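Fold and geometry: a report
The residues making up each chain are set out below.
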Amino acid sequence: MGAISSQLVATRGQSIPISQYLVAGAVALFLVLFLVIPVATVIIVAFIDPRAGGFTLVNFADFFRNDLFMRSFGNSVYVSAMAVAWGTVFALPLAYITSRFQFRGAVLIQTLGVVPLIMPPFAGAVAMQLLFGRNGSFNLILGDWFDINVPFMEGLNGVILLQAIHYFPFILLNVSASLANIDRAMEESAQNLGSSGFRLFSKIVFPLAMPGYVAGASLVFIKVFDDLATPLLLNVKDMLAPQAYLRITSIGLSDPMGYVISVVLIVVSMLAMWIATMATRGRDYATVQRGGGGLAKREMKGLDKIIAYAVVFLILALTLAPHVGLILLSLATVWSFSPVPDGYTLTHYGKVFTESPLFIWNTLLYATLAGVISVIIGSAIAWLVQRTKIPGRQILDYLAMGALAVPGVVIGIGYLRTYYGVTLPSGQSLATFWFMIVIALAVRRLPYALRACTAGLQQVSPQLEEAAENLGATKARTVRKILLPLMAGGMLAGFVTAFATASVELSATMMLVQNTSDAPLAYGLYVYMQSPAGRGPGAALGMIAVVIVGLCTYLSHWLLDRERSGTVKH
Amino acid sequence: MAIEAATRARASGVMVEDVNLSYGATHVLKSINLEVRPGEFFAFLGPSGCGKTTLLRLIAGFNIAQSGRVMIGGDDISSLPPWKRDVGMVFQSYALWPHMTVAKNVAFGLEERRIPKPEIDRRVKAALELVSLDHLAERRPSQLSGGQQQRVAVARTVVIEPKVLLLDEPLSNLDAKMRVQVRRELRELQQRLGLTTIFVTHDQEEANTICDRIAVMNDGIIQQVGTPMELYEKPANLFVAGFLGAANILEGDVLADGADRAFQIRGGARLPIPRGLAADAASRLVFRPQYAELIRTNCAGEGDALTGQVVHREFLGATVRYSVALGSSEVTVEVPFQSGSSLIDVGEMVTVSLAPDRMQFLSA
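Cut-off values and rules
Residue positions are given per chain, counted from 1 along the sequence in the order it is written. For naming, the first written chain is A and the first written ligand is 1, with later ones following in the order written. Only residues with pLDDT of at least 70 are given local features in this predicted model, and only at 80 or more are side-chain atom pairs given and counted; all residues enter the totals for whole chains, interfaces and linings. Secondary structure elements follow DSSP: runs of H or I no shorter than four residues count as helices, runs of E no shorter than two count as strands, and numbering proceeds from the N terminus. Each residue is classed by its C-beta neighbour count within 10 Å, where at least 20 other C-beta atoms makes it buried, 12 or fewer makes it exposed, and intermediate counts make it partly exposed; the C-beta atoms are placed from backbone geometry. Throughout, a residue-residue contact means that the two C-beta atoms, derived from backbone geometry, are no farther apart than 7 Å. Note on residue classes: Ala, Val, Leu, Ile, Met, Phe, Trp, Tyr, Cys and Pro are nonpolar, Asp, Glu, Lys and Arg are charged, and everything else, Gly too, is polar. For a helix, the expected span equals 1.5 Å multiplied by the residue count minus one. At any given residue, the bend is defined as the angle formed between two axes, one fitted to the seven residues that end at that position and one fitted to the seven that begin there. As used here, a nonpolar core is made of buried Ala, Val, Leu, Ile, Met, Phe, Trp, Tyr and Cys residues. They are joined through C-beta atoms within 7 Å. Strands qualify as paired when DSSP identifies two bridges or more between them. Between N-to-C directions, angles cover 0 to 180 degrees, with each direction set by a line fitted to C-alpha atoms, over the stretch in contact for helices. pLDDT measures how confident the predictor is about each residue, on a scale from 0 to 100. Here a crossing is taken to be left-handed if its near helix is turned anticlockwise relative to the far helix by less than a right angle, and right-handed if that turn runs clockwise.

Another aspect to go through is the overall build of chain A. In terms of helices and strands, chain A carries 24 helices and zero strands. Counting across all 570 residues of chain A, residues that qualify as buried make up 47%. Considering only residue pairs separated by 6 or more positions, chain A has 79% of its internal contacts joining residues 24 or more positions apart.

Below, the structure is given as structure tokens:
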């Protein structure tokens with residue numbers, strides 16, 4: 001009967017109230033102005049002859065004939081694929097061991113495993129150079145003991161390592177969620193039939209967790225492919241996203257190559273998403289048994305146990321290395337050609353707080369506003385899709401999710417091209433007005449906020465709303481007194497994800513910041529890190545970012561737990 | 001107590017007039033006409049998909065019919081939104097709001113009616129006392145058992161003193177033992193409150209035990225309305241006969257010979273149809289297993305006797321159930337078990353003896 005009644009909710013009433021059209025119209029306007037038009041502009045410009053005007057494929061021909069671009073393309077694909085591979089190596093053992101075995105500190109590992117996400121990858125770049133670079137701590141020690149030097153951070157290797165460390169939590173989280181949703185009887189029956197150890201994992205556990213893995217892996221691929229700041233900070237310029245940035249900033253908005261590269265970025269991102277969708281179609285294995293007693297965790301013995309602890313320790317040590325390096329760097333007086341800094345000081349933090357507190361305030365302001373906007377739009381779309389029959393509601397959902405496939409560089413370029421000519425009353429160009437950074441961040445974070453709001457709304461049974469209407473509450477009051485409080489958890493989760501990721505975002509921001517006084521923390525960090533003298537303050541700024549994001553994440557978990565303890569599942 | 005007096009005074013009849021409802025091409029409710037009397041405990045009974053929940057939700061205002069109207073206490077409420085109808089509904093899932101305490105859940109409807117705080121407190125307390133849960137007022141719904149949640153859902157609904165109480169399969173989420181207890185409590189509460197109550201269920205035992213009258217539904221059509229006894233004794237058609245209790249249904253043809261009619265069982269005996277009993281060309285012979293008797297016999301069936309072989313026997317304690325092959329069909333007969341008497345064995349020939357007033361000729 002449940003399925004029937006939820007279907008009925010959507011069909012109740014014959015005519016659609018005007019208020020629903022207003023909400024849908026506002027959402028559509030936002031998406032068209034700040035996602036559709038800018039992206040369409042970028043795509044169209046890529047196909048226009050810069051001199052003669054009119055349609056042409058010459059720009060693409062130029063792109064494919066250019067050695068630098070082709071090498072950049074190859075590098076981007078290679079780096080993304082390798083980052084996925086290494087991310088898998090980091091994530092799978094952590095996910096499997098903590099979810100299937102009795103493991104001391106499993107919760108701690110799950111938490112620490114997510115920590116890399118809350119640090120901007122470029123923030124750790126310099127720290128990682130100092131730890132793993134040619135003259136970094138690790139190679140200095142290796143050199144002393146074995147007289148070898150491992151090129152962890154040389155060229156593309158550095159980008160791969162940093163990206164893998166930063167993004168592997170996406171795989172960890174998705175695979176863990178998949179594993180948690182698999183009926184334990186699946187594994188128990190395999191064990192009952194004589195399977196164990198690696199065969200059990202490769203034949204039963206991993207295939208069942210495949211949908212989660214593919215979702216996580218494709219996300220990592222796209223993120224790495226589109227990332228701009230990390231390669232730039234490591235001084236790797238022959239990758240696609242940096243090339244697009246360099247063309248636009250050095251040659252100008254009229255150069256078609258930046259737009260062609262943008263189109264390539266979009267196409268590859270969408271292709272990756274499409275492949276992931278195809279690969280997991282019809283393979284939703286979530287099979288939690290009814291009234292099941294949770295997952296039985298197995299006991300590990302002897303050598304297995306030692307190996308497992310060693311593996312987990314090694315992975316965590318490596319993935320937390322950027323944080324350790326960043327802390328040391330932010331406190332170091334001088335740190336060069338030595339395993340650890342020569343001395344320690346707090347002056348970098350003092351310098352950051354006196355010289356550039358504006359970066360911090362800008363970040364808090366932008367990320368808060370972006371989070372609020374993305375949650376408002378996200379929950380409006382979730383509500384329109386799930387609770388109304390308004391025509392075209394699904395299109396809004398697809399559009400908003402489509403932002404996932406649009407790299408930050410493309411959004412940045414699109415805004416500049418579309419809104420540069422629009423001037424504000426003050427005479428400033430709309431494209432360089434600080435609020436456009438907020439909008440760009442909100443659009444970029446919208447998919448996350450939308451997913452969280454959708455999940456939050458799905459957990460609210462339509463019967464809860466009907467019960468309120470039955471007892472005399474109007475639709476508006478039902479939304480306020482029943483729906484919003486019950487959705488609050490999902491909305492909060494959406495806000496925090498959007499806030500945390502927006503506060504360390506740099507791709508779109510790098511294109512849009514025209515004035516240092518409008519710059520957020522991530523941009524400031526980038527500027528600091530350009531010079532050796534700025535490394536210390538830059539690291540201090542990075543630590544502040546980590547603390548802000550970490551605090552917010554903790555706060556949201558705390559709030560969600562408190563909320564959850566008082567709820568029933570329907 | 002206040003609630004009882006108020007609900008008794010407000011109890012209203014429900015009239016459903018010529019209602020049709022479709023979802024796209026699916027015609028879910030077909031020309032429904034129905035009257036529920038004030039203070040009556042009424043059931044919509046039928047298999048899943050028969051439209052009973054749709055009809056209930058129509059009365060609550062969650063579905064809108066393409067034609068027809070719903071009247072409560074003489075007023076046409078068809079165009080009112082759910083929040084202006086004053087019909088209390090207890091949902092199948094109870095739909096208790098997890099973010100509110102039990103007391104806040106119960107107070108909700110009164111707050112929506114802008115009733116002064118002291119009166120709300122008094123009425124919430126009275127409603128919770130009514131379902132013996134006043135000691136759990138400050139708990140969250142998740143801290144209650146299934147039976148307690150169900151009682152909170154009932155309290156939350158009756159506290160607004162609705163004109164009609166709607167119960168959507170309220171027992172389906174309870175275990176078997178609780179179900180028997182709760183249905184009795186529901187009946188007692190309904191009697192005390194004098195509330196017009198409509199109860200949706202697919203379980204004939206539930207409907208029989210607590211309802212005054214039942215509307216049996218199938219395929220979007222009300223098949224028959226009556227008391228449980230009427231439906232059992234005088235089913236209007238084959239569906240009702242088969243849905244309420246066990247029934248033997250024998251196919252055959254009605255033969256007319258002047259004023260005398262007979263029923264020719266397909267591949268079997270021919271029985272005279274008692275005078276005054278309705279039977280049309282498409283009729284089948286229907287009788288309850290316990291309304292027939294078995295007599296041992298030696299010869300194979302001839303003429304107007306229902307004679308056949310016992311093919312299966314089940315001892316049920318109070319009764320013995322025999323399956324008897326009659327021509328191409330098989331009938332079930334239940335005979336009271338008398339201590340010391342001998343049972344008929346599988347393979348023996350018997351005559352199924354059926355009193356004329358126990359026969360019915362029904363069509364679909």
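Still to come is the rest of the account.
Accessible area lost on assembly of the parts is the figure often given for the size of an interface. Opposite the 26 residues of chain A that make contact, chain B presents 28 residues. Residue assignment for the side of chain A that touches chain B shows that the elements contributing at least two residues are helix H1 (2-11), helix H20 (462-470) and helix H21 (475-503) of chain A. With seven residues, the top contributor of residues to the side of chain A that touches chain B is H20(A). Across the side of chain A that touches chain B, the residue classes break down as 11 nonpolar, 11 polar and four charged.

This next bit is on helix H19 (residues 434-458) of chain A. All names here are of chain A. Along its 25 residues, H19 runs 35 Å from first to last C-alpha, staying within 8% of the 36 Å computed at 1.5 Å per residue. The largest bend in H19 amounts to roughly 50° and is located at arginine 445, with the proline proline 447 lying one to four residues further along. Along H19, 20 of the 25 residues are buried, which leaves the element largely enclosed by surrounding structure.

Before going further, it helps to spend a moment on the nonpolar core. Core analysis: the largest hydrophobic core is formed by 274 residues, its most contacted members being Ala155(B) and Leu166(B). Here the element with the most residues in this core is H19(A); it accounts for 15 residues. Contacts of Ala155(B), omitting those with residues within four sequence positions, involve Val106(B), Ala127(B), Leu128(B), Leu130(B), Val131(B) and Leu133(B).

So, about unusual backbone geometry. Residues and elements named next belong to chain B. At arginine 114, a position not held by glycine, the phi torsion is positive, near 55°. Mapped onto the secondary structure, arginine 114 falls in the loop between helix H3 (102-112) and helix H4 (117-130). Arginine 114 gets classed as exposed once you count the C-beta atoms within 10 Å, which come to 8.

This brings us to the sheet that holds strand S15 (residues 284-287) of chain B. Residues and elements named next belong to chain B. Pairing is antiparallel in the open sheet, where three strands are placed in the order S11-S15-S21. Only two strands of the sheet have a single neighbouring strand rather than two, namely strand S11 (248-250) and strand S21 (360-362). Going from strand to strand, the sheet's axes swing by 35° on average, the running direction of each strand aside. Here S11 runs beside S15; their pairing, made up of three bridges, is antiparallel. Bridge assignment links isoleucine 249 to a residue of S15, and that residue is valine 286.

A few words on the pairing of strand S9 (residues 213-218) of chain B. All names here are of chain B. Bridge analysis of strand S3 (residues 41-45) against S9 gives four bridges, and the strand direction is parallel. In the strand pairing of S9, leucine 45 is matched with valine 216. Taking the residues that link successive antiparallel strands as the turn, the S9-strand S10 (residues 221-226) hairpin has two residues, and the phi of aspartate 219 there is positive, at about 60°.

What follows is about the confidence of the model for chain A. Residue and element names in this part refer to chain A. Of the residues in chain A, 90% reach a pLDDT of 70 or more, and the chain-wide mean stands at 81. Averaged pLDDT values over the elements of chain A bottom out at 40 in H1 and peak at 92 in helix H2 (residues 18-46). Within the model, the stretch residues 1-13 combines pLDDT values under 50 with 18 contacts to residues more than four positions away or in other chains. Note that residues 566-570 has pLDDT below 50 and, in this model, 13 contacts with residues that lie over four places away or in other chains.

Let us now look at the packing of helix H16 (residues 357-387) of chain A against helix H17 (residues 393-402) of chain A. Residues and elements named next belong to chain A. Axis separation between H16 and H17 bottoms out at 9 Å; the angle between their running directions is 145°. As for the relative orientation of H16 and H17, their crossing is left-handed in sense. Counted together, Ile381, Leu384 and Val385 of H16 and Arg393, Gln394, Leu396, Asp397 and Ala400 of H17 form the full contact between these two elements. In terms of residue class, the contact of H16 with H17 is built from five nonpolar, one polar and two charged.

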